[in-house]
Amino acid sequence: MSLNFPITTPPWEVLALVAHYLDPKTLAIASCVCKSWFISMSSDHLWKPICNTHFPNLHFTDLGEQVRHVPYHRLYAIGHAAAKRRVQTPCKPKLSLNDLVFSINIRTKSSNIVTIAKPGEELIFDPNEVFKFDVDNVNYECSSMAAALQDVKITWNVVLSGWKGVFTMMNCEGKVSFSPGAEGWFSEELPSPGCCSGTVASGVVADLTLGFCSRRESGVGKVKVDKVSVGILSIVNWRYVSVDDGLRYLQHFLVPCDD
Amino acid sequence: MASSSTSVVVSNKEKENKNTKKVTLKSSDGESFEVDESVAMESQTIKHIIEDGCANNEIPLPNVTSGILSRVIEYCKKHKEAAGESEPSVTSYTSNSTTNPLTEWDTEFVKVDQNTLFDLILAANYLDIKGLLDLTCKTVADMMKGKTPQEIRETFHIKNDYTPEEEAEVRKENQWAFE
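Position numbers for residues start from 1 in each chain and track the written sequence from start to end. To label them, take the chains in the order written and letter them from A, then take the ligands in the order written and number them from 1. Under the rules for a predicted model, residues below a pLDDT of 70 receive no local features and side-chain atom pairs below 80 are neither given nor counted, while totals for whole chains, interfaces and linings still include all residues. Side-chain calculation: all heavy atoms of the structure are included, whereas hydrogens and water are not.

Comment: elements are numbered from the N terminus, with helices defined as DSSP H or I runs of at least four residues and strands as E runs of at least two. Within chain A one finds seven helices and 10 strands. For every residue, the accessible area (1.4 Å probe, protein chains only) is compared with the maximum for its type, and the residue is labelled buried under 20%, exposed over 50%, or partly exposed between those bounds. The 259 residues of chain A split such that 41% are buried. When the accessible surface of chain A is totalled, it reaches about 15000 Å², and 54% of it is carbon and sulfur. Note on areas: these come from Shrake-Rupley sampling with a 1.4 Å probe, and a residue is covered only by the protein chains present in the view.

Next up, the structure:
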């Protein structure tokens, strides 16, 4: 029987012996070579000790009958994937700050105090730092009000550049004292991303700080808004989330999921 | 007629005795090889035959051809010499090089065509010579490591008898190994 390739293929007994000298990865690849190699390279006899060594946590003996039908090479494959997923680092965000515009509006009953539309690229940030940005050059001036606290309404929207999408970070009411040096802090719970079940809270809030200039810098009878800071704060550890985590959060609401 | 060969120097006497005792191994194709018993006993299989007293004069080895048998004997001789001559302390600690002299010899020994290599594996298994089995199997194993299935097929001249669907299926099962 002549064949059009040299007949030097390893006899199965040789394969069976050599298989004991192969690491799991090579065994798995070798089982894709051809059908007879599959039989030699994926036997339980070979894979059982490998599985027990690498994944002693996958000891299923107490499940009895059902488990004996799972080949050990399959058990190894799922063990390997499971171990890998546990240490997986999240992917790079698809969004960058350059894709976003922060729109902030703070108003009293009678007037707008702050209206800002700040493109993300103008925000100063360090990728290793946190998702918290000071929006400077606000410079809004208004009459000082000697009375205690004033009602304000705060809206913070994040717009995907080109008006492709919008996400409302904060839309709330609060009180702040309109006097020099005063500072107001506002927060609102952020929704859980749609892909994960809504029963788990998101654990993050939108955070905004409004600060007025000191008496020296203000005019007579006036206050100046000194700064507005916005950020995403985790209420689990009371720290601002990283820039990447913030972008990954926003991505759920601004970028369509790949199906 | 100095028959009073009492053991004055034990090791030398033992060595002399061993040197004179020989066995004959007969290959499947009828060729006979005379070797020192100590060399032949590198093979656990032959060792059991001799110890069980079934040796007579010739030990037939129907599974091993003369070509392979002569190589196996060469291996056993070389390794027996090396083990006998050197004391453990000398080989292990005085040599600064990471390879011991036999590693190089072994590497040359397995530079043979695939068929011969496979026959050596089978012979080492049948004759139960651990060192030779390790050496030959590791050589073949190294020929498979780090290769894709197609490269392995080319190395060993194997025909792929999977249908494209079957191949995709088995690759998927083993996806983790390809990453």
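Continuing now.
Turning to the sheet that holds strand β6 (residues 165–177) of chain A, a few remarks are in order. All names here are of chain A. In this description, strands pair whenever DSSP reports at least two bridges between them. Read from one edge to the other, the open sheet built from four strands follows the order β2-β1-β5-β6, with strand pairing classed as antiparallel. Single-partner strands in this sheet number two, and they are β2 (112–119) and β6. Taken over all neighbouring pairs, the strand axes of this sheet differ in orientation by 10° on average, direction set aside. Judged from the eight bridges that link them, strand β1 (residues 100–107) and strand β5 (residues 149–160) form a sheet pairing that is antiparallel. Bridge pairing in β5 links Ile-104 to Trp-156. Any two residues whose heavy atoms approach within 4.5 Å are treated as being in contact. Every axis corresponds to a line fitted to the C-alpha atoms, with the helix fit spanning only the stretch in contact, and the corresponding angles, defined between N-to-C directions, vary from 0 to 180 degrees. Here helix α7 (residues 243–254) sits on the sheet in contact with β1, β5 and β6, set at roughly 115° to β6.

Moving on, we come to the nonpolar core. Nonpolar cores are built from buried Ala, Val, Leu, Ile, Met, Phe, Trp, Tyr and Cys residues. Side-chain atoms within 4.5 Å join them into one set. Grouped together as the largest cluster of nonpolar side chains are 62 residues, with contacts concentrated most on Trp-37 and Met-41 of chain A together with Leu-25, Val-72 and Met-144 of chain B. Residue contacts for Leu-25 of chain B: discarding those within four places in its chain leaves Glu-31, Ser-32, Phe-33, Val-35, Ile-46, Ile-59, Leu-61, Leu-69 and Ile-73 of chain B. In this structure, Phe-186, Val-204, Ala-206 and Tyr-249 of chain A belong to the second largest nonpolar core, which totals 43 residues.

On to unusual backbone geometry. Phi at Trp-163 of chain A takes a positive value of approximately 55°, unusual for a residue other than glycine. Here Trp-163 of chain A falls in the exposed class, since its relative accessible area comes to 73%. Despite not being glycine, His-157 of chain B shows a phi value in the positive range, around 55°. Structurally, His-157 of chain B is set in the loop between α9 (149–156) and α10 (164–173).

Take the interface of chain A and chain B next. Counting residues at the interface gives 36 residues for chain A, matched by 35 residues for chain B. For the pairing of chain A and chain B, the buried interface totals around 3100 Å² over both sides, and the portion due to carbon and sulfur atoms is 70%. Reported buried area values correspond to the accessible surface (1.4 Å probe) lost by two parts on association, with both partners' losses combined. A per-residue breakdown of the area chain A buries against chain B is headed by Tyr-21, Cys-32 and Lys-35 of chain A, which together make up 21% of the total. Any Lys or Arg side-chain nitrogen located within 4 Å of an Asp or Glu carboxyl oxygen qualifies as a salt bridge. Joining chain A to chain B, the criterion identifies three salt bridges. In this structure, Lys-35 of chain A and Glu-166 of chain B form a salt bridge, with 3.3 Å as the shortest nitrogen-oxygen distance. Here a polar contact means two N or O atoms within 3.5 Å. Within protein one must be a hydrogen donor candidate and the other an acceptor candidate, and residues neighboring in sequence count only if both atoms are side-chain atoms. Along the contact surface separating chain A from chain B lie 10 residue pairs in polar contact (both at pLDDT 80 or more). Secondary-structure elements contributing two or more residues to the side of chain A that touches chain B are α1 (12–19), α2 (24–30), α3 (35–41) and α6 (72–86) of chain A. The class makeup of the residues in the side of chain A that touches chain B is 24 nonpolar, six polar and six charged. Each residue receives one of three labels: charged for Asp, Glu, Lys and Arg, nonpolar for Ala, Val, Leu, Ile, Met, Phe, Trp, Tyr, Cys and Pro, and polar for the others, Gly being one of them.

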